[in-house]
Amino acid sequence: ALAAGMTMVILTGGIDLSVGGTVALAGCFAAGALHATGNSWLAVLVALGVGLMIGSVNGFFVSYTKLPPFIVTLATLALARGFTLVYTEGRPLLVDAPLFDMIGGGFVAGIPVPVLIVAVVYIVVGFVLNQTKFGRLVYAIGGNEQACKLSGINVERNKMLVYVWCGFLAGLSSVILTARLLSAQPTAGTGYELDAIAAVILGGTSLSGGEGGVRGTLVGAFIIGVLANGLNLLNVSPFYQDV
């Protein structure tokens, strides 16, 4: 899901380094809401809300203040990591709610729930990019932003929406990860932004924007996932795995 959101951002010629921090902060806030109320749906909404908030902040500063996306999202990554450690005091928050846990470990008709969620995400994002006016504008902005402005397209608004989408999907990813681990880790999502970018680029999306799509991103994510799982199954040392 992270890579799907990152695809939209990179298609506009931008980048979002904050998604890993967003996953950590949203997951910890969701766990906190679950502890306080016992309401699984509220916890999910809190996580999505945190993602939307961070995505909106990124989108606003990138689109309307003309700050480079690298600088803006690097700053929000640091902020999210810092707030996560402050909120959790560096300790993991355990999660124990059957409905919430099902999101990460449940099955529907024999298919894992996380797989179903990711499938829906890629279908929706693929439809938005290929079948809607907004999707065409995403490609157009990445292809030639100046030409879009001269054509009367509201580039700022559409770029902001792309970062909002990315933040929302980061929040959704935090729900899946937290439910799968049965805990919210303050260090969760470390390096996820690089994995997401790698999946997008491996899938054929151009870093300069305007070319690519989520089909290729899904293939890129599979390559990274199969490689990582294969090394684990072969009992390769984590130190060598990095190499």
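In case you missed it, the structure is sitting above this.
Here goes a summary of the coordinates provided. (Residues numbered from 1 in each chain as written. Predicted model: local features only at pLDDT ≥ 70, side-chain atom pairs only at ≥ 80, totals over all residues. Heavy atoms only, no water.)

**Quick notes on the packing of helix α3 (residues 40–64) against helix α5 (residues 98–105)**
Now for step 1: Viewed as axis vectors pointing N to C, α3 and α5 meet at an angle of 55 degrees, and their least axial separation amounts to 8 Å. When the interaxial angle is binned, α3 and α5 end up oblique. Residue-level inspection shows Ser40, Trp41, Ala43 and Val44 of α3 in contact with α5, the latter providing Leu99, Phe100 and Ile103. (Axes fitted to C-alpha atoms, helices over the stretch in contact; angles between N-to-C directions. Helix = DSSP H or I, 4+ residues; strand = E, 2+ residues; numbered from the N terminus. Parallel < 35°, antiparallel > 145°, perpendicular 65-115°, else oblique. Contact = heavy atoms within 4.5 Å.)

**Quick look at the nonpolar core**
Now for step 1: Formed by 60 residues in total, the largest nonpolar core has its most connected members in Phe100, Ile103, Val121 and Val125.
Now for step 2: Counting residues per element, this core draws most heavily on helix α9 (residues 155–181), which supplies 10 residues.
Now for step 3: For Val125, the residues in contact, after removing those within four places along its chain, are Ala4, Met8, Trp165, Leu169 and Val214. (Core = buried A, V, L, I, M, F, W, Y, C linked by side-chain atoms within 4.5 Å. Buried < 20%, exposed > 50% of the residue type's maximum accessible area, 1.4 Å probe, protein only.)

**A look at the pattern of salt bridges**
Now for step 1: A full pass over the atoms with the stated rule returns 4 salt bridges.
Now for step 2: Linking Glu156 and Lys66 is a salt bridge whose minimum nitrogen-to-oxygen distance equals 2.8 Å. Separated by 90 residues along the polypeptide, Glu156 in helix α9 and Lys66 in the loop between α3 and α4 (69–88) bring together distant segments of the chain.
Now for step 3: A salt bridge links Glu145 to Lys149, with the nearest nitrogen and oxygen atoms 3.7 Å apart. With Glu145 and Lys149 both in helix α8 (residues 145–150) and 4 residues apart, this pair spans about one turn of that helix.
Now for step 4: What makes Glu145 partly exposed here is its relative accessible area of 25%.
Now for step 5: For Lys149, a relative accessible area of 33% translates into the label partly exposed.
Now for step 6: A single salt-bridge network, built from bridges that share partners, covers Glu145, Lys149 and Lys159. (Salt bridge = Lys/Arg side-chain N within 4 Å of Asp/Glu carboxyl O.)

**A short note on the environment of Gly32**
Now for step 1: Within the secondary structure layout, Gly32 lies in helix α2 (residues 19–37).
Now for step 2: Between the C-alpha atom of Gly32 and that of Lys133, which follows or precedes it by 101 residues, the distance is 38 Å.
Now for step 3: In this structure Gly32 touches Tyr87 and Leu93, once residues within four positions along its chain are discounted.

**Some points on helix α10 (residues 192–202)**
Now for step 1: Within the sequence span of α10, burial applies to Glu193, Ala196, Ile197, Ala199 and Val200. Down the axis, α10 shows its buried residues gathered within 160 degrees of arc, on one side only. Exposed and facing more than 90 degrees away from the buried side of α10 are Leu194 and Leu202.
Now for step 2: Packed against the buried residues of α10 are α1 (2–11), α2, α4 and α11 (214–233). (Arc of directions from axis to C-beta.)

**A few points about the side chain of Thr217**
Now for step 1: Along the chain, Thr217 turns up in helix α11.
Now for step 2: Among the polar contacts made by the side chain of Thr217, one reaches the main-chain carbonyl oxygen of Gly213 at a distance of 3.2 Å.
Now for step 3: Residues within four places of Thr217 in sequence aside, it is in contact with Ala3, Ala4, Thr7, Tyr122, Ala199, Val200, Gly203 and Thr205. (Polar contact = N/O pair within 3.5 Å; in protein donor to acceptor, adjacent residues only side chain to side chain.)

**Some thoughts on the layout of surface pockets**
One way to see where empty space is left: roll a probe the size of a water molecule over the atoms.
Now for step 1: For the largest pocket, the calculated volume is near 1300 Å³.
Now for step 2: As for the largest pocket, its lining consists of 27 residues, of which Ala1, Val118, Tyr192, Ala221 and Gly225 are closest to the centre.
Now for step 3: Of all elements in the fold, only α1, α6 (113–131), α9, α10 and α11 reach the threshold of two or more residues within the lining of the largest pocket.
Now for step 4: The element contributing the most residues to the lining of the largest pocket is α11, with 8 residues.
Now for step 5: Among the residues forming the lining of the largest pocket, the class breakdown is 21 nonpolar, 4 polar and 2 charged. (1 Å grid on protein atoms, 1.4 Å probe; cavity = no way out; pocket = protein on both sides within 12 Å on 5 of 7 lines; lining within 4 Å. Points joined across faces, edges and corners; volume = space filled by probe spheres on them. Nonpolar A, V, L, I, M, F, W, Y, C, P; charged D, E, K, R; others polar.)

**So, the packing of aromatic side chains**
Two descriptors summarise a pair of aromatic rings, namely the distance from one centre to the other and the angle between the planes of the rings.
Now for step 1: Summed over the entire model, instances satisfying the criterion amount to 3 aromatic pairs.
Now for step 2: Aromatic side chains Phe29 and Tyr87 sit 4.7 Å apart centroid to centroid with 45 degrees between the ring planes, which places their arrangement in the tilted category. In this pair, Phe29 sits in helix α2 while Tyr87 sits in helix α4, placing the two residues 58 residues apart along the sequence.
Now for step 3: Overall, Phe29 belongs to the partly exposed group, its relative accessible area being 31%.
Now for step 4: In this structure Tyr87 comes out as partly exposed when scored by relative accessible area, which is 40%.
Now for step 5: Centre to centre, the rings of Phe60 and Phe61 are 5.3 Å apart; their planes meet at 85 degrees, and the pair counts as edge-to-face.
Now for step 6: Exposure remark for Phe60: the relative accessible area of 40% places this residue in the partly exposed category.
Now for step 7: Since its relative accessible area comes to 35%, Phe61 is described here as partly exposed.
Now for step 8: Members of the aromatic cluster, joined through ring pairs, are Phe60, Phe61 and Tyr64. (Phe/Tyr/Trp six-rings, centres within 6.5 Å; stacked < 30°, edge-to-face > 60°.)

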